[in-house]
Amino acid sequence: MNAMPPPSDMRRSIFEPPAAVYPPRKPRGPALRFVLNHPNVVIGATLLVLLVAIAIFAPLLTPVDPTAIAPAKRNRPPSAEYWFGTDQVGRDLYARVLYGTRISLLVGFSVAIIASVIGLAIGLFSGFLRFADAIVMRIMDGLMSIPPILLAIAMMAFSGASVRNVIVAIAVAEVPRVARLVRGVVLTLREQPYVDAAIASGTRTPMIIWRHILPNTMAPMTVQATYICASAMIVEAILSFIGAGTPPTIPSWGNIMAEGRAIWEVKPYIVLIPAVFLSVTVLAVNLLGDGLRDILDPRGAKGH
Amino acid sequence: MNDMTVAAKTPVLAVRNLKKHFAIPKGIFGLASAPVKAVDGLAFSIQPGETLGLVGESGCGKSTVGKLILRLIEPTDGEIELAGKRIDTLSRSAMRAERRGLQVVFQDPYASLNPRMRAVDIVAEPLRNFEPQSKAEIEARVAWLFGKVGLRADQLSRYPHEFSGGQRQRLVIARALALNPKVIVCDEPVSALDVSVQAQVINLLIDLQHEFGMSYLFIAHDLAVVQHISHRVAVMYLGRIVEIADKKALYASPQHPYTEALLSAVPVPDPTAKSKRIILQGDVPSPIKPPPGCHFHTRCPYAEARCKIDTPALREVRPGHFAACHLRG
């Protein structure tokens with residue numbers, strides 16, 4: 001700078017630092033900002049969309065029937081013809097793993113929805129009617145004291161192997177967890193001044209539940225539902241693995257692993273491939289759940 | 001307010017012998033219980049258009065009084081009358097009809113508003129409960145209420161987190177005003193706000209009272225705020241009223257030693273003023289085991305032998321000035 005800058009410029013320079021120190025930020029679109037702020041959600045959701053697509057379009061991705069037996073082509077290693085190889089009775093592992101996606105996702109999503117709806121109803125009931133609370137919650141405690149897998153095995157022993165029974169058995173084991181969560185949230189919410197204000201405004205109890213309680217339980221419920229979904233997929237695989245779950249006629253990841261167990265030492269990929277698929281699916285659901293928890297927490301980004 | 005005119009009218013809110021004892025379970029089976037006497041035999045009345053300030057330190061039971069009057073919790077004993085009609089004995093559904101006349105403003109403007117409802121729906125909630133009107137009529141009414149409390153019509157569809165603390169409290173006031181109630185219970189309505197915003201909200205409450213003529217039960221711990229807004233003031237200590245009087249009389253010549261000590265603690269904005277502050281000894285006794293006789297005798301600088309035995313009744317020591325102290329009147 002050659003000459004003294006006029007006083008007004010001097011004053012401005014205090015408030016406007018030179019451009020070199022603070023380069024102008026590139027404007028970011030809302031979509032890109034969301035991806036950068038919530039990588040968990042984006043990765044989890046992308047993987048999950050991919051898996052759902054696999055489940056839906058399995059017949060388009062492989063023309064092979066996953067249950068077709070070909071004794072002449074038993075125990076083939078992965079090749080151009082059999083991408084994931086074949087099993088002990090010559091069934092195409094690639095086709096079986098793709099179709100297995102259907103069972104895992106079906107069980108995961110169904111259990112998450114059923115357990116959430118029933119648990120929500122029980123939790124609301126228990127949180128609002130104090131006389132019922134003690135009884136209902138002791139029953140829930142009783143159910144929770146049984147490990148969910150044992151409870152599911154016991155229920156499968158009574159009902160027989162079918163996908164529907166697997167869903168029911170796992171859902172029953174998961175309901176108490178949701179009920180407890182919802183009850184806790186309801187007990188906190190009903191002490192909120194806005195609920196007292198609504199009562200003082202003459203709002204009737206059903207409307208208070210619908211308008212003030214239910215919407216505020218949705219965030220923790222959604223997060224819990226993703227964890228239940230992930231847990232249900234694992235339990236389904238375990239049940240199928242020990243032969244107490246999905247019937248062997250239907251390809252599921254648990255079944256495939258169970259059948260590959262006998263020749264694990266010579267053909268490890270028969271167990272490993274469905275195991276990787278299961279792990280990735282569970283990871284995707286958990287990532288989505290973690291990300292949703294951060295987004296739905298009102299104390300997060302909004303900061304009030 | 002003139003005493004003669006006060007005596008002629010029916011009080012809009014009257015409370016007699018109001019008690020609330022909370023049971024605290026003891027032992028493993030929760031069988032034996034020692035009650036906490038949060039509110040222990042309260043009596044006062046509020047005239048139409050009057051503001052009664054209810055002051056006391058934390059834990060003295062003043063917020064419980066507000067909740068009892070609103071029937072958000074059930075009283076253990078006593079009578080509550082709203083415009084001459086007893087409401088403490090009403091069933092839930094009968095009470096619901098009376099709620100039109102009795103509204104509330106809570107302390108925390110953040111927790112008083114459902115974060116998932118729009119401002120217009122929050123203020124419209126009491127209207128929708130009692131006045132089956134068309135959507136347009138309700139929205140017009142809400143917009144009018146917004147104007148009355150100093151909010152703009154373009155803020156109608158915003159969510160609570162988009163408002164500042166003072167604006168939120170204006171929203172809460174608009175909701176309380178919606179049904180044109182006879183009484184509004186204000187439970188520490190400004191103690192969560194900045195001092196400059198406090199003044200705005202207090203003045204708004206005063207202006208609204210001039211315009212609509214409702215009464216306030218103004219619960220607070222800030223004596224300066226109470227002095228500004230109240231016509232009469234009641235002082236609570238450990239669940240009982242120790243003094244109740246016209247604002248001017250109470251601030252000018254407090255009759256109860258506790259009131260005296262409280263008032264001496266009010267900061268005076270004058271550096272030359274000599275304050276002779278009365279420092280109370282000890283802490284507030286536990287409400288589970290309140291001291292016998294006068295509750296205040298453990299900390300009272302003037303306590304005598306009989307204060308430890310006899311419970312002083314609230315007596316009229318001067319016209320319209322009641323105090324519960326053996327040593328006065």
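To keep things clear, this report deals only with the structure shown in the data block. (Residues numbered from 1 in each chain as written. Chains lettered and ligands numbered in written order. Predicted model: local features only at pLDDT ≥ 70, side-chain atom pairs only at ≥ 80, totals over all residues. Heavy atoms only, no water.)

**What to know about the environment of Val276 of chain A**
Relative to the helices and strands, Val276 of chain A resides in helix α12 (residues 269-296). Considered as a pair, Val276 of chain A and Trp253 of chain A are 23 residues apart in the sequence and their alpha carbons are 9.8 Å apart. (Helix = DSSP H or I, 4+ residues; strand = E, 2+ residues; numbered from the N terminus.)

**With respect to helix α11 (residues 253-260) of chain A**
Side chains that are three or four residues apart share a direction in an α-helix, a result of its 3.6 residues per turn. Residues and elements named next belong to chain A. The buried fraction of α11 amounts to seven of the eight residues, a majority that puts the element mostly inside the structure. Listing the buried residues of α11 in full gives Trp253, Gly254, Asn255, Ile256, Met257, Ala258 and Gly260. Considering only its buried residues, α11 is in contact with α5 (93-128), α10 (205-241) and α12. (Buried < 20%, exposed > 50% of the residue type's maximum accessible area, 1.4 Å probe, protein only. Contact = heavy atoms within 4.5 Å.)

**Concerning empty space enclosed by the protein**
Residue and element names in this part refer to chain B. Taken as a whole and assessed by the stated rule, the structure comprises one cavity of 30 Å³ or more. Of the voids in this model, the largest cavity is the one considered here, and its volume is about 60 Å³. In this structure, the largest cavity is lined by His256, Cys294, His297, Cys300, Cys307, Pro312, Ala324, Cys325 and His326. When its residues are assigned to classes, the lining of the largest cavity shows six nonpolar, three polar and no charged. (1 Å grid on protein atoms, 1.4 Å probe; cavity = no way out; pocket = protein on both sides within 12 Å on 5 of 7 lines; lining within 4 Å. Points joined across faces, edges and corners; volume = space filled by probe spheres on them. Nonpolar A, V, L, I, M, F, W, Y, C, P; charged D, E, K, R; others polar.)

**Structural notes on the interface of chain A and chain B**
Interface size is commonly expressed as the accessible area that is lost once the parts come together. Counting residues at the interface gives 21 residues for chain A, matched by 25 residues for chain B. Both faces considered, chain A and chain B share a buried interface measuring about 2,000 Å² in area, 53% of it formed by carbon and sulfur atoms. Our enumeration of links across chain A and chain B arrives at two salt bridges. The partner of Arg211 of chain A in a salt bridge is Glu125 of chain B, with the nearest N and O atoms 2.9 Å apart. Where chain A packs against chain B, one counts 15 residue pairs in polar contact (both at pLDDT 80 or more). (Buried area = accessible area lost by both parts, 1.4 Å probe. Salt bridge = Lys/Arg side-chain N within 4 Å of Asp/Glu carboxyl O. Polar contact = N/O pair within 3.5 Å; in protein donor to acceptor, adjacent residues only side chain to side chain.)

**Examining the side chain of Arg99 of chain B**
Among the secondary structure elements, Arg99 of chain B is positioned in the loop between α3 (92-98) and β6 (102-105). No salt bridge is formed by the buried Arg99 of chain B, whose closest oppositely charged neighbour, Glu74 of chain B, lies at an N-O distance of 6.5 Å. Within the structure, the side chain of Arg99 of chain B is placed 3.3 Å from the backbone oxygen of Ile199 of chain A, a separation counted as a polar contact. (Lys, Arg positive; Asp, Glu negative; His and termini not counted.)

**A look at the packing of α10 of chain A against α11 of chain A**
Residue and element names in this part refer to chain A. Two numbers describe how α10 lies on α11: the axes approach to 7 Å, and their chain directions differ by 40°. Judged by the twist between their axes, the crossing of α10 over α11 is right-handed. Residue-level inspection shows Ala237, Ser240 and Phe241 of α10 in contact with α11, the latter providing Gly254, Asn255, Met257 and Ala258. For the contact of α10 with α11, the residue count by class is four nonpolar, three polar and no charged. (Axes fitted to C-alpha atoms, helices over the stretch in contact; angles between N-to-C directions. Left-handed = near helix turned anticlockwise from the far one by under 90°.)

**Looking at helix α6 (residues 165-177) of chain B**
Here α6 of chain B contains 13 residues, and its C-alpha end-to-end distance of 18 Å stays within 8% of the 18 Å for a straight helix at 1.5 Å per residue. Within α6 of chain B, 12 of the 13 residues are buried, which leaves it mostly tucked inside the rest of the structure. Among the residues of α6 of chain B, those classed as buried are Gly165, Gly166, Arg168, Gln169, Arg170, Leu171, Val172, Ile173, Ala174, Arg175, Ala176 and Leu177 of chain B. Buried positions along α6 of chain B lie against α9 (193-200) of chain A together with β6, α4 (119-130), α5 (135-148), β7 (183-187) and α7 (195-212) of chain B. (Expected span 1.5 Å × (residues − 1).)

**Observations regarding the pairing of strand β10 (residues 240-246) of chain B**
Residue and element names in this part refer to chain B. Taken across its seven residues, β10 has five buried, putting it largely inside the fold. Pairing geometry for strand β9 (residues 232-237) and β10, over six bridges, is antiparallel. Pairing of Val233 across the sheet is with Ala245, part of β10. Counted along the chain from β9 to the antiparallel partner β10, the turn is two residues long, and its residue Leu238 has a positive phi close to 50°. (Pairing = 2+ DSSP bridges.)

**Details of the environment of Glu265 of chain A**
All names here are of chain A. Inspection of the secondary structure puts Glu265 in the loop between α11 and α12. Classification of Glu265 as exposed rests on a relative accessible area of 75%. Here the alpha-carbon distance between Glu265 and Asn75, two residues 190 residues apart in the chain, equals 13 Å.

**A closer look at the sheet that holds β6 of chain B**
All names here are of chain B. Taking strand neighbours across the sheet as the criterion, the eight strands line up as β6-β7-β8-β3-β9-β10-β12-β11 in an open arrangement whose pairing is mixed. Single-partner strands in this sheet number two, and they are β6 and β11 (315-318). Strand after strand, the sheet turns through a mean of 25° between neighbouring axes, direction not considered. With four bridges connecting them, strand β3 (residues 51-55) and β9 associate as parallel partners. Bridge assignment links Leu52 to a residue of β9, and that residue is Arg232. Relative to the sheet, helix α2 (residues 62-69) contacts β3, β6, β7, β8 (215-220) and β9, its axis offset from that of β8 by approximately 150°.

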